[in-house]
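Structural description and commentary
Listed here are the chains, written in short residue letters.
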Protein chains: 2
Amino acid sequence: MTFAPVEEQLLHLRRGVAEIVPEEELVAKLAHSCRTGKPLTIKLGCDPSRPDLHLGHAVVLRKLRQFQDMGHEAVLIVGDFTGMIGDASGRSKMRPALSLEETRRNGQSYFEQASRILDKERVRIVYNSTWLGELTFEDVVRLAGKTTVARMLAREDFAGRYTKDEPIGLHELLYPLAQAQDSVEIAADVELGGTDQTFNLLMGRTIQKAAGQPPQVCMTLPILEGLDGVEKMSKSLDNYVGICEPASDMYGKVLSIPDKLTYRYFELASDEDTHRLPELAEFCRTHPRDAKHRLAFSITRLYHGTPVARAAQEHFERTIIRKLVPDDVASFRPESDGRIGLLNLLTQAGLTPSNGAARRLVEQGAVSIDGIRVTDSRREVDLANEAPFVVKVGRRRFLRILW
Amino acid sequence: MTFAPVEEQLLHLRRGVAEIVPEEELVAKLAHSCRTGKPLTIKLGCDPSRPDLHLGHAVVLRKLRQFQDMGHEAVLIVGDFTGMIGDASGRSKMRPALSLEETRRNGQSYFEQASRILDKERVRIVYNSTWLGELTFEDVVRLAGKTTVARMLAREDFAGRYTKDEPIGLHELLYPLAQAQDSVEIAADVELGGTDQTFNLLMGRTIQKAAGQPPQVCMTLPILEGLDGVEKMSKSLDNYVGICEPASDMYGKVLSIPDKLTYRYFELASDEDTHRLPELAEFCRTHPRDAKHRLAFSITRLYHGTPVARAAQEHFERTIIRKLVPDDVASFRPESDGRIGLLNLLTQAGLTPSNGAARRLVEQGAVSIDGIRVTDSRREVDLANEAPFVVKVGRRRFLRILW
């Protein structure tokens, strides 16, 4: 098959990436693939114990999709081997051992969800128990002999626990080896993962070299912040957008992220054309509200298609916002040359006695514009583009802002 | 079967032992064995990569023999599993991987040599590859989950290497688990080892408990000093007495140990009756030369039988000493009330110009009595018991000392 030129592929592949180790090997692999017409094998490991995918998981899956779109081969590795074992020390209830049936079922569920992002005709799904289940003690000793204790304990989380005298089960040192062996089994050219997986991905290189294979390139993606804009997106913190959520929930949740994250979500969580990202960055700066609506639409479209996303948007604009606003809300037309700071606006409109009071209310999360909470007290409003809109302060005070 | 009373057994079992962990469990196990008539299972692991046994190895083997003599069951475990793997990192030439055939041959050789010490009708010899070779990765992960990295790195040699930034292969942490699993497989009641094995023996307890077995008692024996009286006995330092050496060599080598070790060798390396040890301690103190001859005879008899040991002793006394001494050697009768310091004797006899010069010569190893080098400058001679004897200084100066 034929591939796009290396530089064009790199433009897409570098998008949103935290690190490519080493980048020159990726360039060489892409060049070789172009010359020979042979696709690269791209590995992504997935944990079958957490079967509900959200936008945070989607970041690496989207990167995998980019590789697919350029003609490369995606391999999803379901980590059912370690899932079957759970917490070997038996101390933690957090990692119960799953039966083979459960890990298979979770793996299937993961695959079905991931298919909303991946080109499912061009993905290979494999279960690592297939080969890890065949390894003998002797194999494990040989595998373990390829690395050292010091190198394992250099891994950030291990290092922290070791110096704090928190127990590290000896078996935990074997898991990175297991997933490194996965790279050998599928002869991965590239492995994808979050930045928290850097160590494990590099271990794949070590073990591939020891097995006489060309080592994989490690490509890490940032950990996506959740709706609160601070913590990592996760189900347990309830700051997530599930990729299977109904379109209207998805649309509304995306709208609730802080402005400062809008561009980051465009880059990491949307399928907006990479070439247009600079333009979107500018849009986020100049029209934060519109940009966020576009983001919400873009992400919803990605998982539900254009018609459903359009309906969600209209539903949100016509129903949700209206529902939130009483019919008899008063209007106010601020004095401004078009742009006005939110604090100024609130004070000028008489909603707050002073800019200081306005700042406190904004920072407490008591202020929203068209039903979307605003927490950035430096937020400016572009009246020409954004008005008319409804400002709400506290529970009951509404004002329609005109221009 | 019936066993001697627990206290009588303990008297023998405590002989020369460094540590019994925990001693009260040994007492309970012996009591239970007495009550039920069921022998205890005593484990000793052996390294098949070093097939030549010497008196240092014999210390634990002798302890195993004591257990046999009291009716318990000895199990020799040949560590062919790890021997087959060698140094998994491939970095060291010191631990080449052995073939299964080699480890079996070495194991057989070990057994044949050990049979000079053990009651070979009552020893079971097993190869740990039998069960360790059957373990899967999953089994290994579960096994590893029973302990922590911190506990492994607490092992003295690991701790030292870790703090000195010397690499520890990850596989090295698996070996203690492997030999601990051996204890589970044979359901060991007691494991024997040198004091350098304490950590590994205790790991056996951990893994047995995790497997739901009553944990073994760990019994450690001191590391025997070699002929130089300082370093651990070892083949590479050439300070050893091989248990298969010809009787005359064995006799002569034992005679060459420093006086301060005579009693230690009686305790750890001879089969002198435990009840007589206090008496032998006194003998070593009052008659160091005779005590050492008795020790040499005792150890030689152990490996070669009484007639051969007797012949070796006579050969040594009549031939070796005479051969070493010229026919025309002069005589000297020192002025003394019976006991005299060696340095004084040398100076009085005119062999050295001063006690200081005498000390230097002794410490350089240039002085011998009846062909046995003396290196302890505080050595006293008991003329009443030891004379006549021949002192040799340097290569050519001889003097017969009379009383």
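Above: the structure in question.
Residues numbered from 1 in each chain as written. Chains lettered and ligands numbered in written order. Predicted model: local features only at pLDDT ≥ 70, side-chain atom pairs only at ≥ 80, totals over all residues. Heavy atoms only, no water.

So, on to the sheet that holds strand β2 (residues 41-46) of chain B. Residues and elements named next belong to chain B. Taken together, six strands build an open sheet; the order of strands is β1-β6-β5-β2-β3-β4 and the sheet is mixed. At either end of the open sheet lies a strand with only one pairing partner, and these are β1 (19-21) and β4 (123-127). Sheet twist, expressed as the mean angle between neighbouring strand axes with direction ignored, is 25°. With five bridges joining them, strand β5 (residues 190-194) and strand β6 (residues 217-221) adopt parallel strand pairing. Within β6, the residue paired with G194 across the bridge is L221. (Pairing = 2+ DSSP bridges. Helix = DSSP H or I, 4+ residues; strand = E, 2+ residues; numbered from the N terminus. Axes fitted to C-alpha atoms, helices over the stretch in contact; angles between N-to-C directions.)

The next subject is the pairing of strand β6 (residues 217-221) of chain A. Residue and element names in this part refer to chain A. Counting buried positions along β6 gives five out of five residues, so the element sits mostly inside the fold. Judged by which residues are buried, β6 turns out to be covered on both faces: V217, M219 and L221 on one side and C218 and T220 on the other are all buried. As paired elements, strand β1 (residues 19-21) and β6 share three bridges and run antiparallel to each other. Bridge pairing links I20 to M219 in β6. Between the parallel pair strand β5 (residues 190-194) and β6, the chain is carried across by helix α11 (residues 198-210), and the sense of this crossover is right-handed. (Buried < 20%, exposed > 50% of the residue type's maximum accessible area, 1.4 Å probe, protein only. Right-handed = clockwise from strand over helix to strand, strands pointing away.)

We now examine the interface of chain A and chain B. Tallying the contact residues gives 34 residues for chain A and 34 residues for chain B. Carbon and sulfur atoms supply 74% of the area that chain A and chain B bury against each other, a total of about 3,100 Å² over both sides. Here chain A and chain B share zero salt bridges between them. Taken together, the connections running from chain A to chain B amount to six residue pairs in polar contact (both at pLDDT 80 or more). Mapped by element, the contributors of at least two residues to the side of chain A that touches chain B are α4 (80-85), α7 (137-144), α8 (149-153) and α10 (175-186) of chain A. Top contributing element to the side of chain A that touches chain B by residue count: α7 of chain A, with six residues. (Contact = heavy atoms within 4.5 Å. Buried area = accessible area lost by both parts, 1.4 Å probe. Salt bridge = Lys/Arg side-chain N within 4 Å of Asp/Glu carboxyl O. Polar contact = N/O pair within 3.5 Å; in protein donor to acceptor, adjacent residues only side chain to side chain.)

It is worth spelling out unusual backbone geometry at this point. Residues and elements named next belong to chain A. A cis amide bond links V21 with the next residue in sequence, P22, at an omega value of -10°. In this fold, P22 is placed in the loop between β1 and α2 (23-36). For D165, which is not a glycine, the phi torsion comes out positive at approximately 60°. Owing to a relative accessible area of 69%, D165 belongs among the exposed residues under this scheme.

A word on the packing of helix α14 (residues 277-286) of chain B against helix α15 (residues 288-304) of chain B. Residues and elements named next belong to chain B. The geometry of α14 relative to α15 is characterised by a closest axis approach of 5 Å and an angle of 130° between their N-to-C directions. Taken together, the axes of α14 and α15 lie oblique to each other. Contacts from L280, F283, C284, R285 and T286 in α14 reach P288, D290, A291 and R294 in α15. Of the residues assigned to the contact of α14 with α15, the class counts are five nonpolar, one polar and three charged. (Parallel < 35°, antiparallel > 145°, perpendicular 65-115°, else oblique. Nonpolar A, V, L, I, M, F, W, Y, C, P; charged D, E, K, R; others polar.)

Let us look at the relation of the copies chain A and chain B. Between the two copies, chain A and chain B, the superposition gives an RMSD of 0.4 Å; the rotation angle is 180° and the shift along the axis is 0.4 Å. On this basis, the relationship between the two copies can be described by a two-fold rotation axis. Among all residues of chain A, the minimum C-alpha distance to the rotation axis is found for T136 of chain A, at 2.4 Å. A high fraction, 100%, of the interface residues of chain A reappear at the interface in chain B, so the copies pair face to face through one surface. (Least-squares fit on C-alpha atoms with pLDDT ≥ 70 in both.)

This part is about the pattern of salt bridges. The final tally for this structure, using the stated rule, is 48 salt bridges over all chains. Between R378 of chain B and D376 of chain B there is a salt bridge; the shortest N-O distance is 3.6 Å. Connected through shared salt-bridge partners, D259, K292 and R379 of chain A make up one network.

With that out of the way, let us pick up α2 of chain A. Residues and elements named next belong to chain A. Taking 1.5 Å per residue as the helical rise, α2 with its 14 residues ought to reach 20 Å, and the 20 Å between its terminal C-alpha atoms agrees with that figure. Taken residue by residue, α2 has L26, K29, L30 and S33 as its buried positions. Buried residues in α2, looked at end-on, bunch into an arc of 100°, giving them a common side. Facing away from the buried side of α2 by over 90 degrees, the exposed positions are E24 and R35. Contacts from the buried residues of α2 go to α1 (6-13), β1, β5 and β6. Within two residues after α2, G37 carries a phi angle of roughly 75°, on the positive side. (Expected span 1.5 Å × (residues − 1). Arc of directions from axis to C-beta.)

Here we take up the sheet that holds β6 of chain A. Residues and elements named next belong to chain A. As summarised here, the arrangement of the six strands in space is β1-β6-β5-β2-β3-β4, forming an open sheet in which the pairing is mixed. Strands at the two margins of the open sheet, each flanked by one partner only, are β1 and β4 (123-127). Averaged over all adjacent pairs, the angle separating strand axes in this sheet is 25°, with direction ignored. Across the sheet, helix α3 (residues 55-69) lies against β2 (41-46), β3 (73-78), β4, β5 and β6, angled at about 155° from β5, the strand it touches most. The strands touched by helix α5 (residues 100-114) within the sheet are β2, β3 and β4, with β4 carrying the most contacts at an inclination of about 165°.

What follows deals with the environment of R276 of chain B. As for its position among the elements, R276 of chain B is in the loop between α13 (262-269) and α14. Expressed as a C-alpha distance, the spacing of R276 of chain B and A31 of chain B, which sit 245 residues apart in the sequence, is 25 Å.

Moving on, we come to the side chain of Q68 of chain B. Mapping Q68 of chain B onto the fold places it in helix α3 (residues 55-69). Apart from the residues within four sequence positions on either side, Q68 of chain B is in contact with A74, L118, D119, R122 and V123 of chain B.

It is worth stressing that arrangement in space is one thing and function is another; only the former is reported here.
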